[in-house]
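Spelled out from the first residue to the last, the chains are:
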Amino acid sequence: MLKWLGDIGKKADHPMYNVEAAAKLLSDLPPDRGKALEEITSSLETVSATPAFPLADRIGVLKLLDETGQKHEAAALAEFLRNDKLNEFHRRQLWQAMVDFWEHVSAAYRVCLEELGREAKPGEATHRERALILVRALRALTCEGKALLLRYLPVRPRIWQDLAHFFSLAEKERAVAELAKAYESDALHTNARQEFLRLPMMVAAYPEAERTLDMELVARIISRLAGGFALHAQPDADCNFHLDLAQPAAPARNTPGAAAAATLRYFGAAQARVVIQETLDRYAANPKEPEKRFGNDYSIEEKLVALRRLLLFWGDSPPKQRWPRVKIESKIKVAHGFVAASELVTRIEFSGMAEMSADQRVKVKQQTGIALQAEESTAAISEWMERDGSTWGVGVDIPRQDETWARIGSLCTFQAAGHKAWWLGTIRRMQRDAHEHVHAGIEILSKKPLSVYLRGIGEGAERAENWQTSSGSFRFTYINALILGESSTPGANPDILLKRESFNPGIQYEVLMGGETPHVRLEELLERGEDYDRVRVTWLKGAA
């Protein structure tokens, strides 16, 4: 107490010597989000390092810098995630500014916690802001880790070490469950246990296989449901994962019979899984019910997909690699997107095409967006290095020039070395190494895909007996589809891929394949990729 009284009236040798001075300087930040973050990060560093800073002023100024910076960080994050026109250089600058900001926030609060620890006297009550500083420090580490994951980089060892350090501090002080409202804008109170689990639960959801937009959504879901997570010092039925406070690293899934240790902490979704299942059941019963949680910038469909995925990866039986991989060193030809796939894979032209006038052929091309002859193909083709492969998977290195489009959910048409046929696949996993090289895992969707035209004949599509009416006008609704022949689910009726947003359940189409054409009815949207919809269909006549 005497130390605090002695600090009254003292002023640190820094332009932001107290909250009022800091607020005045922060009112003149540049409008550019990245540059504003850089200036705030610089201030965080210098305020933390300035000696003889009265502790109350240091804490107050660092809190203000944190809160001010978060407003700019949120805007920078939204631009990073959703601005498709952002060039790669500016995108990287924004990302680096976010990473640096969060790193300096956690470092600044660590300085405060160390000073509070040095000044604490035996028997004195805990400083009134210690719990708040602790949860903010843990939150900043989680946000820094999330920022790294957004570029498919591993969480740095220093982050795991600091996370374990701060949580061990909370355990030692018996403050693990002490509630605090980290920020005024937070909907719920939090504690050290919840903040400690955010990043491990994010990593346990296998972010290497998530789109960056989905990572942000998952982070929001985790923050909302963190109160339902379980954390124990002993193995527990609710805990599928563990980490070691003495040897901090990414969490691991529990294995039967593994040796226990005093420094191991076991955690899992526990009650949060129950809440997720209840949410999914509620929407199955009332699909038009609005969902305001997790942000209005995500659709209900996106939120439900993310919740289902979390149930799967946090559960007892997450997806596993089904086939052994072998090392390969060869180059494959790769093209990107639905249009390129429709032009490169085996094409089935319909019989009436030759009888069309040039104008009618142009109209079909305009409706489908696909060239009518294979020789018209304009698909851009790159060469990638294949590093390993399995029956239904390929591991590749992605060249720098293709990083702009290569992302989770991107459709790839590729031709393996020594093969003439084009296969269809989609990027399922991405990782970036220490040298900033991107490695990806491609799931093979089909080894014998067919590109066909569908002519709408069901409800919602125009009906006609012929491709031309008596007046000579063009009446049909045509779309292009990719039939996934020879896929990893043998014996099942083949699914189809449609251009994104083409799916309309219940619509019936004629598959223009020559001879006795089969019909398909669109049943269920199975997956939404970058520019395609994977659809379950019912084959109504003939066989594909």
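Data block above holds the structure.
These numbers come from a predicted model, not from an experiment.

A.B. asks: Describe the environment of Phe313, and please don't skip the residues or the numbers.
C.D. replies: Structurally, Phe313 can be placed in helix H11 (residues 300-314). Exposure remark for Phe313: the relative accessible area of 12% places this residue in the buried category. Sequence-wise, Phe313 and Ala204 are 109 residues apart; in three dimensions their C-alpha atoms are separated by 7.2 Å. Filtering out sequence-adjacent residues up to four positions away, Phe313 remains in contact with Ala204, Ala205, Tyr206, Phe241, Arg253, Pro318 and Pro319.

A.B. asks: Which residues make up the pattern of salt bridges, and what values go with them?
C.D. replies: When charged atoms on two side chains of opposite charge get close, those side chains can pair. Inspection of the entire model under this criterion finds 42 salt bridges. Close ionic contact of Arg92 with Glu436 constitutes a salt bridge, the shortest N to O distance being 3.5 Å. With a gap of 344 residues between them, Arg92 in helix H5 (residues 88-119) and Glu436 in the loop between strand E10 (423-432) and strand E11 (438-446) connect regions that are remote in the sequence. Owing to a relative accessible area of 32%, Arg92 belongs among the partly exposed residues under this scheme. Of the charged contacts, one joins Arg325 and Asp388 as a salt bridge, the two residues approaching to 2.8 Å between their closest N and O atoms. Of this pair, Arg325 sits in the loop between H11 and strand E5 (326-336) while Asp388 sits in strand E7 (residues 381-390), and the two are 63 residues apart along the sequence. Residue class for Arg325 comes out partly exposed when judged on its relative accessible area of 29%.

A.B. asks: Which residues make up the nonpolar core, and what values do they have?
C.D. replies: Core analysis: the largest hydrophobic core is formed by 114 residues, its most contacted members being Leu65, Trp314, Trp384, Ile398 and Ile427. Among the elements that make up this core, the one with the highest residue count is H5 (13 residues). Leu65 has contacts with Met16, Leu26, Ile40, Ser43, Leu44, Val47 and Phe101, leaving out every residue within four places of it along the chain. Counting residues in hydrophobic clusters, the runner-up holds 17 residues, among them Ile348, Ile479, Ile496 and Val537.

A.B. asks: Kindly report on a negative patch on the surface, identifying the contributing residues and their values.
C.D. replies: Side chains of Asp28, Asp32, Glu38 and Glu39 sit close together on the surface and give a patch of like negative charge. The residue Asp32 is located in the loop between helix H2 (19-26) and helix H3 (33-49) in this model. Using a relative accessible area of 32% as the deciding quantity, one classes Asp32 as partly exposed.

A.B. asks: Pulling in residues and values, what's your account of the side chain of Ser106?
C.D. replies: Among the secondary structure elements, Ser106 is positioned in helix H5. On the basis of relative accessible area, Ser106 is assigned to the buried category, the value being 3%. Those residues in contact with Ser106, other than ones at most four positions away along the chain, are Ala137, Ala140, Leu141, Glu144, Arg158 and Phe166.

A.B. asks: So what's going on with the sheet that holds strand E8 (residues 393-398)? Residues and values would help.
C.D. replies: Ordered by their spatial adjacency, six strands build a closed barrel running E5-E7-E8-E11-E10-E9, and the pairing between neighbours is antiparallel. The sheet shows a mean angle of 45° between the axes of neighbouring strands, direction not considered. Strand direction decides the pairing type here: E5 and E7, joined by eight bridges, are antiparallel. Bridge pairing in E7 links Val334 to Ser382.

A.B. asks: Give me helix H7 (residues 157-172): which residues, what numbers.
C.D. replies: Compared with the 22 Å implied by 1.5 Å per residue over 16 residues, the 22 Å span of H7 between its first and last C-alpha is a close match. Looking at the buried residues of H7, the elements they touch are H5, helix H6 (130-149), helix H8 (192-204) and strand E1 (230-232). Just beyond H7, the residue with positive phi is Arg174, at close to 55°.

Reading guide: rules and limits
- Residues numbered from 1 in each chain as written.
- Predicted model: local features only at pLDDT ≥ 70, side-chain atom pairs only at ≥ 80, totals over all residues.
- Heavy atoms only, no water.
- Helix = DSSP H or I, 4+ residues; strand = E, 2+ residues; numbered from the N terminus.
- Buried < 20%, exposed > 50% of the residue type's maximum accessible area, 1.4 Å probe, protein only.
- Contact = heavy atoms within 4.5 Å.
- Salt bridge = Lys/Arg side-chain N within 4 Å of Asp/Glu carboxyl O.
- Core = buried A, V, L, I, M, F, W, Y, C linked by side-chain atoms within 4.5 Å.
- Patch = residues over 30% accessible without salt bridge, like charges linked within 9 Å, V, L, I, M, F, W, Y side chains within 5 Å.
- Areas by Shrake-Rupley, 256 points an atom, 1.4 Å probe, with all protein chains shown as cover.
- Lys, Arg positive; Asp, Glu negative; His and termini not counted.
- Charge placed at Lys NZ, Arg CZ, Asp CG, Glu CD.
- Pairing = 2+ DSSP bridges.
- Axes fitted to C-alpha atoms, helices over the stretch in contact; angles between N-to-C directions.
- Expected span 1.5 Å × (residues − 1).

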